[in-house]
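If you want the building blocks of each chain, they are given just below.
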Amino acid sequence: MHTDQVCSTWGNGHFQTFDGDVFQIQSTCNYVFTSLCRDSYQDFNIQIRRQNEDGRLVISSIVLKLDGPVVEVTLPLCQSGVCIEKTPTYIRVKAKLGLMALWNMDDSFMVELDEKYRNQTCGLCGDFNGRLIHDEFISHGVQMSPSDFADLWKIDGPTEICSESKQNPSWNCSAMRPMCERILSSSAFSSCHGLLDVDSFTSACVSDLCHCGNDFNRNINSPCICSTVSELSRQCVHAGGRPTNWRTRTLCWKSCPDSMQYSECGSPVPDTCSNPEASQTADDHCIDGCFCPPGTVLDDLTGKGCVPQSECSCVYNNQTYGPGESYHRKCKTCVCEAGRWRCLQRNCPGTCSVEGGAHITTFDGKAYTFHGDCSYTLAEVKYNQFVIQGELSQCGLTITETCLKSVTVALSGGIVSKHTHTHTHTHTHTHTLLPKVFAHFT
C-alpha cells in the first residue's frame, strides 16, 4: 500500500497532498503541482493547469520536467529512463528516478513518488513529511486558506490572465450529503472504508453537487458526482482495496471501444498480440479502465480491437502477416501462428572459396584478400568431423603474387587426402589422378 506516497487532483479542482490534506482550488492558473525543493538539482518539476469547459474544470496542460534531456515524444516511448504509454483510459509516465504519473486525459491526475523524496518536495502536493496541515497550511503560526496556499505555487507568466472562482460560503449544501453518503458507503466500496478517509471524499462530493449549476441538474450520472466517486475508487485500488464494479447504466456509466469491458481493477500493462503475456510482467497497482475480455488480447498490429490470440498477426521486416501467412528466406520457411512465427529450418549448403591464391570468400559471404606463405586452416568442424587446410605460397616475383599450392582434407575415421594441382594423396600418399571416390569423400 502506497497511499502516503500519492498526490492527486480530480474533479472541480480538488487536491489531496502526499500527507493527506484535502482542499479545493477552482482556478485556471498554472501551478507547481510538485517539485524537488530541498536540493540544488531538481530531479523533477511538474506543473498543471485547468480550463473551463462547459461549466466544468478539466486539466488542459501538464508539464513534466524530469531528470534528463527534454524530448518531443511519439507514444509509446521509452527513452533516457522515462517510459510514456497510452491506454484507452490513461496516459502513464514512469521514470527510473522514482516517479509514476497517471492522467485520465480529462480531470484526474495522480503522482506517486519514491520514499527517498520524503520531506524534500514542495508545490500543491505539499512537503511529503507525513504530517497533516504542518508546513503546508501553517505560516508563522497562522493557518492559511487553500487559496493563499495555492498562491505560493502559482507561476503564471507576467502577461497571462487566469481566473480563480471562490465558492459562496452562504450556500447550504447539507441537502446533498445523503446522496453522496449513500453512494460512497455502498457495499461496492466496503474494502475501501478501512483504507481511506471516506469523509473527505464525501465532503468533496457534497461541494461538487452543491456548486454544480443547473447544467447537470445535480443528477447521479453527471461529472458533478462521478469525478469524486471515481477518485475514491482509484485511490482505494492504490491502497490495496478491491472495489467492485459500482458503475451502472444510471450511475457514472463508462462505455468502451472495440468490444472492451470497463473494470475498476485491470492490469496497467495489457496483453496484446505483440506481447500476449505482458500483464504477467506488470509490477504496478491495477488501474480502472477499458480492458479486453478474458480469453482475448488487444490487437495492436492491425487495430481490430480484442481478438483471440489465435487470430493475431505477426510482423517481419516491418511487414504485417496474417494468421497462416508465411515468408521464405534462405534455409528457412516461417509461418504466422497465434501472433508468433513458427520456423522450419532447411539444410542448405554453404560455400567457402579461395580464388587466385589470395581472394577468400567465407561461408557467410564475407570477401577479403590475404597473401600468405604457410599452411592455414580453411574450415574445421569441432569434434574432429573434418579439417580442411590450404597451403599458400609465393609463386611470383613479389609477395603479393601467391598461389594455392595444396589442399589437405582430414575426415573422421582417419582418411586424409592431400590435393596438389591434378593429383590426390591418400593414407599411403600414393598419387592418383582426380576425380577419385573414397568412403565418405568424392
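It should be noted that the structure appears before, not after, this text.
Summarised in this report is the structure supplied together with it. (Residues numbered from 1 in each chain as written. Predicted model: local features only at pLDDT ≥ 70, side-chain atom pairs only at ≥ 80, totals over all residues. Heavy atoms only, no water.)

A tally of regular secondary structure across the chain gives four helices and 34 strands. Here the analysis covers contacts within the chain between residues at least 6 apart in sequence; of these, 46% occur between residues at least 24 apart. When the accessible surface of the chain is totalled, it reaches about 24,100 Å², and 52% of it is carbon and sulfur. (Helix = DSSP H or I, 4+ residues; strand = E, 2+ residues; numbered from the N terminus. Contact = heavy atoms within 4.5 Å. Areas by Shrake-Rupley, 256 points an atom, 1.4 Å probe, with all protein chains shown as cover.)

For Ile-62, the position within the fold is in strand β7 (residues 56–66). Here the alpha-carbon distance between Ile-62 and Arg-50, two residues 12 residues apart in the chain, equals 9.1 Å. Beyond its immediate sequence surroundings of up to four residues, Ile-62 is in contact with Ile-46, Gln-47, Ile-48, Trp-103 and Phe-109.

Turning to the environment of Gln-16, a few remarks are in order. The residue Gln-16 is located in strand β2 (residues 14–16) in this model. Expressed as a C-alpha distance, the spacing of Gln-16 and Ser-200, which sit 184 residues apart in the sequence, is 9.5 Å. What Gln-16 contacts, discounting residues up to four positions off in sequence, is Val-6, Cys-7, Ser-8, Trp-10, Asp-21, Val-22, Phe-201 and Gln-235. One polar contact links Gln-16 to Gln-235, side chain to side chain, over a distance of 2.8 Å. (Polar contact = N/O pair within 3.5 Å; in protein donor to acceptor, adjacent residues only side chain to side chain.)

A few words on the pattern of salt bridges. On inspection of all chains with the given rule, the structure shows nine salt bridges. Put simply, Arg-177 and Glu-181 hold a salt bridge, and the shortest N to O gap is 3.9 Å. One end of the pair is Arg-177 and the other is Glu-181, both in helix α2 (residues 177–184) and four residues apart, which spans about a single turn. Look at Arg-177 and you get partly exposed, because its relative accessible area is 32%. A network of salt bridges, in which partner residues are shared, links Asp-151, Lys-154 and Glu-164. (Salt bridge = Lys/Arg side-chain N within 4 Å of Asp/Glu carboxyl O. Buried < 20%, exposed > 50% of the residue type's maximum accessible area, 1.4 Å probe, protein only.)

On to the pairing of strand β1 (residues 6–10). Extensive coverage of β1 is indicated by the burial of five of its five residues. Side chains Val-6, Ser-8 and Trp-10 of β1 all project onto a buried face; the interleaved residues Cys-7 and Thr-9 project onto the opposite face, where all are buried too. By the bridge criterion, four bridges tie β1 to strand β12 (residues 109–113) in an arrangement that is antiparallel. Each residue of the ladder has a partner; that of Thr-9, found in β12, is Phe-109. Connecting β1 to the next strand, β2, in antiparallel fashion are three residues, including Gly-11 with a positive phi near 55 degrees. (Pairing = 2+ DSSP bridges.)

With that settled, the discussion passes to the nonpolar core. The nonpolar side chains of a soluble globular protein tend to be buried with one another. In this structure, Phe-33, Phe-44, Leu-66, Leu-99, Phe-109, Val-111 and Leu-113 are the most contacted members of the largest nonpolar core, which totals 35 residues. Among the secondary structure elements, those contributing two or more residues to this core are β5 (30–36), β6 (44–53), β7, β9 (82–86), β10 (91–95), β11 (99–103), β12 and α1 (146–151). Formed by 28 residues, the second largest nonpolar core is a distinct cluster that contains Met-176, Ala-188, Phe-201 and Ile-225. (Core = buried A, V, L, I, M, F, W, Y, C linked by side-chain atoms within 4.5 Å.)

Within this structure, the stated rule accounts for 13 aromatic pairs. Between Phe-23 and Phe-149, the ring centres sit 5.6 Å apart and the planes meet at 90 degrees, which makes this aromatic pair edge-to-face. Taken as a pair, Phe-23 in strand β3 (residues 22–24) and Phe-149 in helix α1 lie far apart in primary sequence, 126 residues in all. Classification of Phe-23 as buried rests on a relative accessible area of 5%. Taking 5.2 Å as the distance between ring centres and 90 degrees as the angle between the ring planes, the aromatic pair formed by Phe-370 and Tyr-376 counts as edge-to-face. Taking the relative accessible area as the measure of exposure, Tyr-376 reaches 28% and is therefore partly exposed. One aromatic cluster is present, formed by Phe-15, Phe-23, Phe-33, Phe-109 and Phe-149 through successive ring pairs. (Phe/Tyr/Trp six-rings, centres within 6.5 Å; stacked < 30°, edge-to-face > 60°.)

Let us look at the packing of α2 against helix α3 (residues 198–210). For the pair α2 and α3, the least separation of the axes is 9 Å and the interaxial angle reads 135 degrees. When the axis of α2 is compared with that of α3, the two are oblique. For the pair α2 and α3, the sense of crossing is right-handed. Contacts from Arg-177, Met-179, Cys-180, Glu-181 and Leu-184 of α2 reach α3 at Val-198, Phe-201, Thr-202, Ser-203, Cys-205, Val-206 and Leu-209. (Axes fitted to C-alpha atoms, helices over the stretch in contact; angles between N-to-C directions. Parallel < 35°, antiparallel > 145°, perpendicular 65-115°, else oblique. Left-handed = near helix turned anticlockwise from the far one by under 90°.)

So, on to the sheet that holds β11. The eight strands lie next to each other as β3-β2-β1-β12-β11-β10-β9-β8, forming an open sheet whose pairing is antiparallel. Because the sheet does not close on itself, it has two edges, and the strands there are β3 and β8 (77–79). On average, adjacent strands in this sheet sit at an angle of 10 degrees to one another, irrespective of strand direction. One ladder, built from five bridges, connects β9 with β10; its direction is antiparallel. Bridged to Val-82 within β10 is Ala-95. The sheet strands contacting helix α4 (residues 223–238) are β1, β2, β11 and β12, and the helix crosses β1 at an angle near 165 degrees.

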